[in-house]
Amino acid sequence: MATSLPTDLILPHLRELNRNAADLREIRLMWRLIEASARMQASQQGQALVSMLTDTRQGLEQLEQGLLQSQLAQSAQEAMAQLGMQSSHAIDLLVRSLYERTADVGFLAADSVLCEAMAQLGDGDILLDMAAGGLHAWQAPLQLHLQAYRAKYTVYDDILLLDTQGQVCARAQAGDKPLPPCAEGWFQQCLQQAGHVSHFGASCVLPGADRLIYAQRLLHPRTMAVLGVLCLSFDFAAEMQAIFASGGPRAQVGLLLDAAGVVIASSDDHWIAPGSRVPMHHGDAVQPLIHAGRTYLVRTARALPYQGYAGPEGWQTQVMAPLDLAFATQQRPQVLQALEPAIAEGLMAQSRGFCPPLHAMARAADDIRRVVWNGQVLAASQAPESPVQGTAHPDPLQAVLEQMSETGDLTHAVFTRAIHGLHETALSTRLQEHTTLNRLLMDLLERNLYERANDCRWWALTPGLQKVLQDNSGCLALSVQAHDAAQRLLEQLNTLYTVYARIALYDAQGLVLACSHEDEPGLPLSPGVRVQASALQATMALRDAQAYHVQELDDGGLPVHVYHAALRAPQPPMDMGMGRAQIRAPPSAALPCCSTRAENCRPCCRPLHRSSPETPAPKTTACPVCRWRLSTWHATAASSPPATAVGRWAVA
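As the structure is a computational prediction, the values presented were derived from the model and not from experiment.

A.B. asks: I keep staring at the pairing of strand E7 (residues 263–266) and nothing clicks. Help me out?
C.D. replies: Remark: a regular strand shows side chains that alternate across the two faces of the sheet. Bridge analysis of strand E6 (residues 253–257) against E7 gives 3 bridges, and the strand direction is antiparallel. Bridge assignment links leucine 255 to a residue of E7, and that residue is serine 266. Where E6 folds back onto E7 in an antiparallel hairpin, the turn is made up of 5 residues, including glycine 261, whose phi is positive at roughly 85 degrees.

If you want it as structure tokens, here you go:
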């Protein structure tokens, strides 16, 4: 936080602080009146009292300023921390989601069904009349295949196959109107390069709103010639609204910006519309910014690479809260009231650790009591007794001392209440940070596991794995050629989906036949190992290709999720096996973090993994960059439908 705050801008919007400020101003005025009265009424012996009053008034003025500044700083810090966590969370969610898209397009571009169909078209075996309308017999099964993929990966609104001339040959979304050939730059680039190409903006193949397209070329399965381009149209608008909805209250607006600060997507188009240029603020200092005549608190977050991928170049997220609403939405639970008195007193005694100014103010407020006591002692010692019946002579200073006592009690009560509120603010800020962080990390975890369910269900439909099992049906073990073919496919999957530690293929009896990273020691599901009987039974009982089984294990107190699915023969009722994969990089949301700052809770380290009960006990390590305590964590994922009856092989 910056040392100097724009007090004049922020103070009018803090109602509780304004009430405290009004009370403190009234008390300060009362002490000035007492001091003035004492100067007029005090005898020569009472000059010590006047001096004490002067020192007290000056100390109270300093205490007042310090108290108000501390309350202001705590409120501003809470608001900026909340905005920072929400902004960082939004870009983290987006980058992880788009990283999965890069793996999807790479895997589907190598799909044998698509490549063989495009090879028939490229070899001249199929002639399409794009202007004729309706589906050609060659297109119908392709459309069903693409629709089956989209049914599992619901983040896509359309999937298209283009030939080398840019003509749409097949698509998942049914459409009657023929589309013009695509000659855009991203399409030409995709034909030339081996990896994927992403494009955001308008496109003739998907007319209408701006689209986020991930594309990769398809190659001939035998000659490796370029056959065309596969395009995955990401449902960008729905994804951004889901990300924004997981953020903060409606009294703020979430934005996706490009490198120049131009709005790409907005949580509220009527508030700040796409295409607008907004001011950005990447630091955590309180720096109100003006946009369209309104003052905002702003936090901007850049993307941090996930598995080496940082999303489209220059993309960043921003949360903007109007200054007049930023503090109105702050909810401070009564932390101290909910605690036992002894614990509350202990926390307040430890204020030096989490709010040093607060500790100094609490001590200064106690000095007020001593001032009152000193005044009372002085009054008693200076009051001469009358010879008549031992009564004291009237002393003009006595009225001042009485007023001083009353004002001192009031001052102590006001400062005690204000300091107690400052304690509540400081503690609730920490509590709110942890609460928000836990909610955001759970959202991150749920999204990650959702992607794992998508992966396993689609992999169970991989024709190459089905063919390996079918060709070796009735054998006691995979042939060398079949094993090598299966391992190549699994390695290809693991290369694209780097979040997995291992992807394995096992048969209907649960015996692992092939796996990725076969030479890497310490990982489970090695060839020859059997999966648990309960997991095998549950996977065999799955009903269709949309179903999958999640196996929950306990690995030394750490959660393990294993996703299972079955491979089926091309023709029912043949049972082809199951699939299983192990997550290599668990989501950062599952890692315990000792920091409460959002920017420190973004992953910058790779966790350790414990892959099987035979490996050493879990270890922990502290990252020197973000101070995370990383516990060894193991999770697994798998594929979908069960088996019905045809072979003895399965996928693990």
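Now that the structure has been shown, the text picks up again.
A.B. asks: Could you clarify how one ought to interpret the packing of helix H14 (residues 463–471) against helix H15 (residues 480–496) in this entry?
C.D. replies: Between two packed helices, the angle of one axis relative to the other and the distance separating the axes together describe the packing. Where H14 meets H15, the axes come as close as 10 Å, and the angle between the chain directions of the two elements is 160 degrees. Viewed along their axes, H14 and H15 adopt a mutual orientation that is roughly antiparallel. Considering the relative orientation of H14 and H15, their crossing is left-handed. Packed against H14, whose contacting residues are Gly464, Leu465 and Val468, the element H15 presents Ala482, Ala485, Ala486, Leu489 and Leu490 at the interface. In terms of residue class, the contact of H14 with H15 is made up of 7 nonpolar, 1 polar and no charged.

A.B. asks: Mind showing me how you'd approach the packing of aromatic side chains here?
C.D. replies: Here a ring pair, both rings aromatic, is described through the centre-centre distance and the interplanar angle of the planes. Evaluation of the coordinates by the stated rule reveals 12 aromatic pairs. Consider the rings of tyrosine 99 and tyrosine 306, whose centres lie 5.3 Å apart with planes at 90 degrees: the pair is edge-to-face. Taken together, the residues tyrosine 99 in helix H3 (residues 47–108) and tyrosine 306 in the loop between strand E9 (294–302) and strand E10 (316–322) connect sequence positions 207 residues apart. Ring centres of tryptophan 459 and tyrosine 500 lie 5.2 Å apart, and the angle between their planes is 65 degrees; on these two criteria the pair is classed as edge-to-face.

A.B. asks: Any chance you could explain the nonpolar core here in plain terms?
C.D. replies: The nonpolar side chains of a soluble globular protein tend to be buried with one another. Formed by 70 residues in total, the largest nonpolar core has its most connected members in Leu161, Leu230 and Phe236. The dominant element in this core, judged by the number of residues it contributes, is H3, at 11 residues. Once residues within four sequence positions are removed from consideration, phenylalanine 236 is found in contact with Phe200, Leu212, Leu256, Ile264, Ala265 and Trp315. Judged by nonpolar contacts, the second largest core, of 38 residues, contains Ile34, Ala79, Met80 and Phe327.

A.B. asks: Would you take a moment to explain the sheet that holds strand E5 (residues 226–234) for this structure?
C.D. replies: Pairing between the strands of a sheet is mediated by backbone hydrogen bonds and can be parallel or antiparallel. With respect to topology, 5 strands assemble into an open sheet ordered E2-E1-E5-E4-E3, the strand pairing being antiparallel. The open sheet is flanked by strand E2 (168–171) and strand E3 (197–201), the only strands paired with a single partner. Neighbour-to-neighbour, the strand axes of this sheet turn through a mean angle of 25 degrees, independent of strand direction. As defined by bridge partners, strand E1 (residues 156–163) adjoins E5 across 7 bridges and the pair is classed as antiparallel. What sits directly across from aspartate 163, in E5, is glycine 228. Contacting E1 and E2, helix H5 (residues 139–152) crosses the sheet at an angle of about 145 degrees to E1. Contacts from helix H6 (residues 185–192) reach E1, E3, strand E4 (211–219) and E5, with the element oriented near 30 degrees to E4.

A.B. asks: In this structure, what is going on with the sheet that holds E9? I would like to understand it.
C.D. replies: Strand order in the open sheet formed by 5 strands is E7-E6-E10-E9-E8, and the pairing between neighbours is antiparallel. Strands at the two margins of the open sheet, each flanked by one partner only, are E7 and strand E8 (289–291). When the angles between neighbouring strand axes are averaged without regard to direction, this sheet yields 40 degrees. Here helix H7 (residues 236–245) sits on the sheet in contact with E6 and E7, set at roughly 65 degrees to E7.

A.B. asks: So what exactly am I meant to see when it comes to the pattern of salt bridges here?
C.D. replies: Side-chain pairs of opposite charge can arise whenever the charged atoms involved come near each other. Here the structure, examined in full by the defined rule, presents 11 salt bridges. The salt bridge involving arginine 222 is made with glutamate 116; its shortest N-O contact spans 3.1 Å. Of this pair, arginine 222 sits in the loop between E4 and E5 while glutamate 116 sits in helix H4 (residues 112–122), and the two are 106 residues apart along the sequence. Given the relative accessible area of 32%, glutamate 116 is considered partly exposed. Across the pair arginine 171 and aspartate 158 runs a salt bridge, and its minimum N-O distance is 2.4 Å. With arginine 171 in strand E2 and aspartate 158 in strand E1, the pair connects residues that are 13 residues apart, well separated along the chain. Of the two residues examined, arginine 171 and aspartate 158, each falls in the buried class. When salt bridges that share partners are traced, they join Glu100, Arg452 and Asp455 into one network.

A.B. asks: For this particular structure, what's the right way to read the environment of leucine 33?
C.D. replies: Looking at the element boundaries, leucine 33 is found in helix H2 (residues 15–41). Classification of leucine 33 by relative accessible area gives exposed; the value is 52%. Between the C-alpha atom of leucine 33 and that of methionine 404, which follows or precedes it by 371 residues, the distance is 10.0 Å.

A.B. asks: Explanation requested: the environment of arginine 568 in the structure shown.
C.D. replies: Positionally, arginine 568 belongs in strand E14 (residues 558–568). Classification of arginine 568 by relative accessible area gives buried; the value is 18%. Along the chain, arginine 568 and proline 463 lie 105 residues apart, while their C-alpha atoms are 9.7 Å from each other.

Rules used throughout
- Counting restarts for each chain: residues are numbered from 1 in the order of the written sequence.
- pLDDT decides what is reported in this predicted model: residues at 70 or higher carry local features, side-chain atom pairs at 80 or more are listed and counted, and totals for whole chains, interfaces and linings draw on all residues regardless.
- Remark: hydrogens and water are excluded; side-chain values derive from all non-hydrogen atoms of the structure.
- For two strands to count as paired, DSSP must find a minimum of two bridges between them.
- Only DSSP runs of H or I covering at least 4 residues are called helices, and only runs of E covering at least 2 are called strands; the numbering of each starts at the N terminus.
- To get an axis, a line is fitted to the C-alpha atoms, and for a helix only the part in contact is used. The angle between two axes follows their N-to-C directions and goes from 0 to 180 degrees.
- By the definition adopted for this analysis, an angle is roughly parallel if under 35 degrees, roughly antiparallel if over 145, roughly perpendicular if from 65 to 115, and oblique otherwise.
- If you view the pair so one helix is near and one far, a crossing is left-handed when the near helix is turned anticlockwise from the far one by less than a right angle, and right-handed when it is turned clockwise.
- Two residues qualify as a contact provided that any one of their heavy atoms is within 4.5 Å of a heavy atom in the partner residue.
- Here the term charged refers only to Asp, Glu, Lys and Arg, the term nonpolar to Ala, Val, Leu, Ile, Met, Phe, Trp, Tyr, Cys and Pro, and the term polar to all other amino acids, Gly among them.
- Side-chain rings of Phe, Tyr and Trp (the six-membered ring for Trp) are treated as a pair once their centres are within 6.5 Å; stacked means planes under 30 degrees apart, edge-to-face means over 60, and tilted covers the remaining angles.
- Nonpolar cores are built from buried Ala, Val, Leu, Ile, Met, Phe, Trp, Tyr and Cys residues. Side-chain atoms within 4.5 Å join them into one set.
- Exposure is judged per residue with a 1.4 Å probe applied to protein chains only, and the accessible area is read against the type maximum: over 50% gives exposed, under 20% gives buried, and values in between give partly exposed.
- Just to be clear on terms, a salt bridge is a Lys or Arg side-chain nitrogen sitting within 4 Å of an Asp or Glu carboxyl oxygen.

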